[in-house]
Structures are given as C-alpha cells and as structure tokens.
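Observations on chain architecture
Residues per chain, in single letters:
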Amino acid sequence: MQPSRPVPVRRTSRLPRGARRLQLLQAAQEVFVAQGFHAAAMDDIADRAGVSKPVLYQHFPGKRELYLALLEQQVTELTDRVREAMAGTEDNRQRVHGAVGAYFDFIDAEGGAFKLVFESDLRNDDDVRALADRGNRACVEAIAEVIAGDTGSSPEQAHLLASGLTGLAESSARWWLAQKGTVSRDDAVSLMSALAWRGISRFPRVEWVEGEPAAG
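If you're wondering where the values come from, they're calculated on a predicted model, not measured in any experiment.

Each value, and the rule that gives it
Residues numbered from 1 in each chain as written. Predicted model: local features only at pLDDT ≥ 70, side-chain atom pairs only at ≥ 80, totals over all residues. Heavy atoms only, no water. Axes fitted to C-alpha atoms, helices over the stretch in contact; angles between N-to-C directions. Helix = DSSP H or I, 4+ residues; strand = E, 2+ residues; numbered from the N terminus. Parallel < 35°, antiparallel > 145°, perpendicular 65-115°, else oblique. Left-handed = near helix turned anticlockwise from the far one by under 90°. Contact = heavy atoms within 4.5 Å. Nonpolar A, V, L, I, M, F, W, Y, C, P; charged D, E, K, R; others polar. Phe/Tyr/Trp six-rings, centres within 6.5 Å; stacked < 30°, edge-to-face > 60°. Buried < 20%, exposed > 50% of the residue type's maximum accessible area, 1.4 Å probe, protein only.

Here we come to the packing of helix α7 (residues 126-151) against helix α8 (residues 155-178). Between α7 and α8, whose axes approach to 8 Å, the crossing angle comes to 125°. As the angle between them shows, α7 and α8 are arranged oblique. Note that α7 runs across α8; the crossing there is right-handed. Residues N136, C139, V140, E141, I143, A144, I147 and A148 of α7 lie in contact with α8, whose contacting residues are A158, H159, L161, A162, S163, L165 and T166. Here the residues of the contact of α7 with α8 sort into ten nonpolar, four polar and one charged.

It is worth spelling out the packing of aromatic side chains at this point. One pass over the structure, following the stated rule, counts five aromatic pairs. Between F32 and Y67 the ring centres are 4.9 Å apart and the planes differ by 80°, which places this aromatic pair in the edge-to-face class. Here Y67 lies in helix α4 (residues 63-87) and F32 lies in helix α1 (residues 17-39), a separation of 35 residues in the sequence. Across the pair, Y67 and F32 agree in class, each one buried. Seen in terms of ring centroids, F104 and W176 are 5.4 Å apart; in terms of plane orientation they differ by 50°. Their pairing is tilted. Of this pair, F104 sits in helix α5 (residues 92-108) while W176 sits in helix α8; the two residues are 72 residues apart in sequence, bridging distant segments of the chain. Relative accessible area serves as the criterion here: at 1%, F104 is assigned to the buried category.

Looking now at the side chain of H59. Within the secondary structure, H59 sits in helix α3 (residues 53-59). Once you skip the residues sitting within four places of it in the chain, H59 turns out to touch R17, R20, R21 and L24.

Laid out in structure tokens, this is it:
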C-alpha cells in the first residue's frame, strides 16, 4: 500500500505587504496562543496563514522576531484602550469605569491574545519582558496623569494609585474570564469599578483659584 500523500496547503492570493503582515500576525497569534512560544513552529504559522515558509521569512526573520512584533501589537492595543478611556470623558467615575472595562474587553477579546501579554512562556526574554513592562507603564502613566492633575497628588502617589487600579482591573478580569458565565461582563466591570472608585474618589479634588491649585 502506498503511503497517503499529504493534503496540499491552500495558498492565499498575493496581498499588499501591509495586509500580508497583518494576516501573518493573526496566524501567529492563533498558533502562539494555542501552543505557546516554545512549542510553536514557523511551519505551523506558515500553514495556518496559507503561505510558504519563504514568504513568512520575507516578513519576519525568525520566530522570536515574529513573537515580538505580535506582542508589541497587543501591548499597543491595550494601551490605546486605556488612553481612550481617560480621554473619552471628563467624569472621573466614568474614567475609572472605562479603565476597568478596557482591561475586561482586552482580556475577553476573541483569540486570547491577552495571554501573550500576561501569561507568556517567554517572559524570561529581556525584550519580551521590556515590551510587557513598557505597556504596563504606559497604562499606569495615562491614569496617573489624570489622578495627579485632579487630586494634586505627587507623581509618585499618583503612579502608585494608578498601578493599584490597573492591577485590580487585570487580576479581576482574568479571574472573571476563567469563571465566565457566573457574572456578566457589565456587572463585573460595574462591581470592580465601584470598588476602585470608593477608594480613589476620597482623594480631594483640586480646585483652581486665581490660577493656583488648592485642595478642595
């Protein structure tokens, strides 16, 4: 009996370079999330994308570089969500709600890309750790800027408060995802943002009097 022939991979049509890169990143996300960095192979990613390995290597010189590009994409996505929450309203309670919601939505997004940011099996890599830390700092700084400007807290105090808020949002969103179905997304966000707001709202709001800040 002759051995069965492998099923040929259906190749995708030619795409503009930018579109091809996005397609490869999406395929890589699926493979890395499912298998982790160490178990994933460039062959798997090329097959998932429906391209040849040479095409994949035209865009990314290696698996690590591909992983870093994907991680940077996801870090930017989370940072943008948090910054939009801060800039989208002047109501600080809504800002807290929006910041918590940003983490819930990022972690609940289809595809599980949050695992690359928060549960990577490559966190001992200096560049991976630096990217993840940079994203965390950007989220903290976006929130700390608002806290400092509105309460008159020192930069150090504002960053500590912002770090507490992002930590609460991340850990509660990850717990909620594992228990999904027991509490709705909206109820979970409302509960956690109410918890955060009860603490942050007790800091005095800065009122501007004759051009000078004074605790109100």
